[in-house]
Each structure stands twice: as structure tokens, then as C-alpha cells.
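These are the residues of each chain, in order.
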Amino acid sequence: MKLSFPLLGFASLCIAAPGPGYSEQHDERIHHAAAWPNGPFVTSGRWIHDASGANVTYAGANWPGAADVMIPEGLQYQSIATIVSKIKSLGMNSIRLTYAIQMIDEIYSSGGKDVSIQKAFVQALGQANGTRVLNQVLAKNPSFTASTTRLEVFDAVAAECAKQQIYVHLDNHISKGTWCCSAGDGNSWWGDTYFSIANWTRGLSYMAEHGKSWPNLMSMSLRNEPREPASGLARSTYSWQSWYTYIKQGAAAIHSSNPDVLIFLSGLSFDTFLTPVVQNTALTPGTGKFTFADFLGYADKLVLEIHNYENSASSCSSLQNNLYNDGFQAMDPSATASINKFPVMLTEFGFQMDSTTWKGVYASCLASYLPAQKAGWFIWVLSGSYYIRSGTQDYDESWGLLNHDWSAWRSPSYVDGALLTMVKNTLS
Ligand SMILES: *[C@@H]1O[C@H](CO)[C@@H](O)[C@H](O)[C@H]1NC(C)=O
Ligand SMILES: *[C@@H]1O[C@H](CO)[C@@H](O)[C@H](O)[C@H]1NC(C)=O
Ligand SMILES: *[C@@H]1O[C@H](CO)[C@@H](O)[C@H](O)[C@H]1NC(C)=O
């Protein structure tokens, strides 16, 4: 299938970014059309608006960069520009780019200087493989050198996305850089083994401040998939009440460093539900409730995100009911006034990229439900492989949109048969 770029209703009025022939006079003629990305974004009830008041949402893919190496994946196989072009060819308008707090901790430990990609690859993959993979990265991405830092790679990903008009949503995926997530991985909940609350707020502030240099950084998450720790002291604070305390700290940390970005709130049980926030019920075991007044001056920056992996769903209507009760009710225009209104996004869902799974209940239900709600989403996952995952180097990702060497779609029938339409219908 020949790919075409679906245009947003508003974007179709826009003229592309100024090129060589750009002049003030030209600017006069297009005064009604703001330059992409036309932020900062704000929320208005269940909608996100750009600076002109036009609705905007996300249709994109997760691009992981939070595992052991703490560098966005895939760069030993393709250039950043090639990977971003692939995303763009789907008509997608955004990426969810993940990072680990450990990266920022290490910047602080070494007096403000991030570690080089050479050191990062060798530390994570060993001397021989780390050096070999580094050299592959340098061959595919010749603007980098061995002394380029991890954060400079994030900068380069953001810059290429800006060039190709892809919004960046920056996601704090984990504290210690490793494959995420389980209840026993020490990163599960505030105060867990690796999850220092102070390091977390410091890391959020750092990235929010740093991200001011990315014109296309539109939003940031507080934390991926909060979950009950399998063991340890942090278990005792696993509740909605404590969640709210931490969420307010994290949101303030981001907003005070970067007042422009939207802030995404994720729920309990691996971010599968935010029901008490939406339905305005007690944040147990306390009796307090979520209130926009607790986010004074930036109540219009809050977006809800949930994840759904009900891959064995056998009924689309029950899956839709679950999504509604888990959080999407916040987008229902006919919901009663007691329901808190927010934009809601499904920032993770995914499945085996083969020739048939996408035709099943789960994938096909989401492919119709999300565009029908005009809800934003990020599919898990772009990666065809990881530098290392759970101790296995060059790990093949069978859920990856891309194949092992990130050169082509893993399931072309899914892309042509459903994904392109899902993107188009979400953004139309
Ligand atoms: C956003 O979209 C909704 C539904 O299509 C529409 O009712 C609303 O007017 C839109 N808002 C703006 C500012 O275009
Ligand atoms: C080094 O890389 C090779 C090729 O990918 C792999 O077979 C080997 O297991 C790696 N070594 C380690 C220690 O993982
Ligand atoms: C917090 O960051 C410091 C470096 O500033 C580091 O030494 C410490 O181990 C980090 N805490 C955790 C729990 O990772």
C-alpha cells in the first residue's frame, strides 16, 4: 500500500515551516497559520488544545530508551533519521520516549557531566560487545562520536522528530535502567529499593528543564506503571492516598521547571486504572478526593494515561466497558457533572506482530474504540530488538512494529490492514 500522510483538519490550513524563500511578507500572508508545533498545549475538559485552540491528540509509538544502556534503542541498526521517517510514514504524529532516572542520578554524581555512549555500551554489554555495538551505532549515526553522551542522543532523537514534525512525549519509565516492569524489580513504587522519591523529583525537574531546548517536547509523564511492591517497606504506602501525595510532588517538580508541558498522571496496578480520580471518590484509605485546585495555576495541564493488556479479551463490548470504567469515562461528554473531565490516552497496548493477532478481538477492538473516542495512544512498541533485555543481548522483540534490524515492518499485513487506518481516524 502506498503511504500517505493524513492531514489534521487544522494542519491542512497550515503552511510548512519556513524554508529558504521565507520572508516577512510571506509571513503576513499566512498570519493565521501558526508554526508547528504551535504549543504550549493546554487541556479544556476532555480535549487538548494547541496555542490556536485547535484540538490535538497523539497517535504514535513507544520508543524505549530506559533499559540498561539508557540510550534510545535501535541505533546500531538504523540512523535516527531513518527510524523517525518510518514513524512518519505511518502518519503518526508523536513518540513516547522513555528514560531512566538513573541517567540523571549519574549526571549529578559526576558533577553535571553525563557519561559517554562508549562507557554506557561497555558498562551494559561488556568490553567486546559494547565496543562492537558502539561502532555499529557510530557507523549508522556518523554525527555521533564515542564521547557523545547519552543525553545528547536523546537530544538528537528529539531534534530529528522536530525536523519531521513529530511531537515528543517524554516518559519516566523506571528509576534503575533495566527492562520494566515487575512487582519485584525494586522500581515498583515510591520508596522501593531503587525508587528514591528525592531522586525521582530531581530527575523529573532535570528533564523538564533540559527539555526546554526541545521545541517539540509537548508533555511529560510522572511515572510509568505504579504497582504494588512484591516485598519491602514501600508496600505499606501502596494506596491511592499516598499516590496522590507523590503525584502532586512530581507534577510540581515538572511544572516549576517547565510550565509549558502537559503532565500525564498514571494509575495503580501497573497503570491500568484511574477510576477514583475520574469518578471523584475517596482516595483510600483516606477520605480526601482528587481536586484540580491542588494544581493551582496548572490544572489545565493534566492528562490521564492508562495501559491495557487485556490481550485475551473475547468480547469487544466488555473490553470497552473496562476501558470506560478504568478511565475513559473522563472523556464522555454525557457523563454526569460529578465526573472529573480530562483528556485520556492509552499510552501502552500491544500484541504479537504476526499475520493474524491483529485481527483478534483485542487489537481490532482498540483499533476502532480509540479513534471513535478521539483518544490519543502509543502502541507498545516500535523496537524490533533491544541492545539488551533481561540479560539477553540483541533481544528480539516479537511485539515490535519493526523487524529485528529495524529495517521494515514486522507485520506488513497489520500496518496495511489496520494501523494506517487507526492513525488516520484518530487524527482526522
Ligand atoms: C474538538 O472536537 C470536538 C468533536 O469533534 C468538537 O465538538 C469541538 O468543537 C472541537 N474543538 C475545537 C476547538 O475545534
Ligand atoms: C555478545 O554478542 C553476541 C552476538 O550478538 C552474543 O551472541 C553474545 O551472547 C553476546 N555476549 C554476551 C556476554 O551477552
Ligand atoms: C540517588 O542519586 C544518587 C546520586 O546523586 C545515587 O548515589 C543514589 O544511589 C541514588 N539513589 C537511588 C535509590 O538510586
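Residues numbered from 1 in each chain as written. Chains lettered and ligands numbered in written order. Predicted model: local features only at pLDDT ≥ 70, side-chain atom pairs only at ≥ 80, totals over all residues. Heavy atoms only, no water.

Per an unreviewed UniProt entry, the chain goes by Cellulase and derives from Diplogelasinospora grovesii.

Glancing now at the site of ligand 2. Taken together, the neighbourhood of ligand 2 is formed by Asn 129, Arg 132 and Gln 393. Residue Asn 129 places a side-chain N or O atom 2.3 Å away from an oxygen atom belonging to ligand 2. In the environment of ligand 2, an oxygen atom lies 3.0 Å from a nitrogen or oxygen atom belonging to the side chain of Arg 132. Protein coverage of the free-state accessible area of ligand 2, which is 360 Å², stands at 38%. (Near = heavy atom within 4 Å. Polar contact = N/O pair within 3.5 Å; in protein donor to acceptor, adjacent residues only side chain to side chain. Areas by Shrake-Rupley, 256 points an atom, 1.4 Å probe, with all protein chains shown as cover.)

On to the packing of aromatic side chains, then. Both the distance between ring centres and the angle between the ring planes are used here to describe each pair of aromatic rings. Inspection of every chain in the model, using the stated rule, returns 34 aromatic pairs. Measuring from ring centre to ring centre gives 6.1 Å for Phe 195 and Trp 200, while their planes differ by 70°; the resulting arrangement is edge-to-face. With a centroid separation of 5.5 Å and an interplanar angle of 25°, the aromatic rings of Phe 290 and Phe 295 are classed as stacked. Judged by its relative accessible area of 3%, Phe 290 falls in the buried class. (Phe/Tyr/Trp six-rings, centres within 6.5 Å; stacked < 30°, edge-to-face > 60°. Buried < 20%, exposed > 50% of the residue type's maximum accessible area, 1.4 Å probe, protein only.)

Residues Gly 376 and Phe 378 of strand 10 (residues 376–379) are buried on one face, and the alternating residues Trp 377 and Ile 379, pointing to the opposite face, are buried as well. Examined bridge by bridge, strand 3 (residues 59–63) and strand 10 share three bridges and lie parallel to one another. Across the sheet, the residue bridging to Gly 60 is Phe 378, located in strand 10. Direction of pairing for strand 9 (residues 344–348) relative to strand 10: parallel, over a ladder of two bridges. (Helix = DSSP H or I, 4+ residues; strand = E, 2+ residues; numbered from the N terminus. Pairing = 2+ DSSP bridges.)

Our next topic: the state of the cysteines. Counting across every chain of the model gives two disulfides. With its sulfur 2.0 Å from that of its partner, Cys 316 forms a disulfide with Cys 365. On the sign convention where negative is left-handed, the bridge of Cys 316 and Cys 365, at about 80° about the S-S bond, is right-handed. Linking Cys 316 in helix 11 (residues 316–326) with Cys 365 in helix 12 (residues 361–373), this pair joins segments that are 49 residues apart in sequence. We classify Cys 316 as partly exposed; its relative accessible area is 27%. What makes Cys 365 buried here is its relative accessible area of 2%. In the chain, the bonded cysteines, taken in the order they occur along the sequence, pair up as 1-2, 3-4. (Disulfide = S-S within 2.5 Å.)

So, about the sheet that holds strand 10. Read around the closed barrel, the eight strands follow the order 3-4-5-6-7-8-9-10; overall the barrel is parallel. Strand-to-strand twist in this sheet, taken as the mean axis angle between neighbours without regard to direction, amounts to 25°. As judged from the four bridges shared by strand 3 and strand 4 (residues 94–100), these two strands associate in the parallel manner. The residue bridging Trp 63 from the neighbouring strand is Leu 97, located in strand 4. Sitting on the sheet, helix 13 (residues 412–427) is in contact with strand 3 and strand 10, with an inclination near 150° to strand 10. (Axes fitted to C-alpha atoms, helices over the stretch in contact; angles between N-to-C directions. Contact = heavy atoms within 4.5 Å.)

Now for helix 5 (residues 127–140). The end-to-end C-alpha distance of helix 5, which contains 14 residues, comes to 20 Å, matching closely the 20 Å that a straight helix rising 1.5 Å per residue would cover. Gly 130, Val 133, Leu 134, Val 137 and Leu 138 are the residues of helix 5 that are buried. Projected down its long axis, helix 5 shows its buried positions confined to an angular sector of 145°, all on one face. Those residues of helix 5 that are exposed and angled more than 90 degrees off the buried face are Ala 128 and Ala 139. Among the structural elements, helix 4 (117–125) and strand 11 (385–389) are those in contact with the buried residues of helix 5. (Expected span 1.5 Å × (residues − 1). Arc of directions from axis to C-beta.)

All right, on to the site of ligand 3 then. Looking at ligand 3, the residues that line it are Asp 105, Ser 109, Thr 193, Tyr 194, Ser 196, Asn 199 and Arg 202. In this structure, Asn 199 approaches ligand 3 through a side-chain N or O atom, which is 2.4 Å from an oxygen atom. Here Arg 202 contributes a side-chain N or O atom positioned 2.8 Å from an oxygen atom of ligand 3. Computed on the free molecule, ligand 3 has an accessible area of 360 Å², of which 53% lies beneath the protein chains in the complex. When residues of the shell around ligand 3 are traced back to their parent elements, those giving at least two are helix 3 (101–109) and helix 7 (197–210).

Time to look at the side chain of Asp 114. Structurally, the position occupied by Asp 114 is in the loop between helix 3 and helix 4. With relative accessibility at 8%, the residue Asp 114 sits in the buried group. Of note is the side chain of Asp 114, whose polar atom sits 2.9 Å from the side chain of Arg 150. At a separation of 2.7 Å, a polar atom in the side chain of Asp 114 contacts the main-chain amide nitrogen of Leu 151. Setting aside chain neighbours within four positions, we find Asp 114 in contact with Met 103, Ile 107, Thr 149, Arg 150 and Leu 151.

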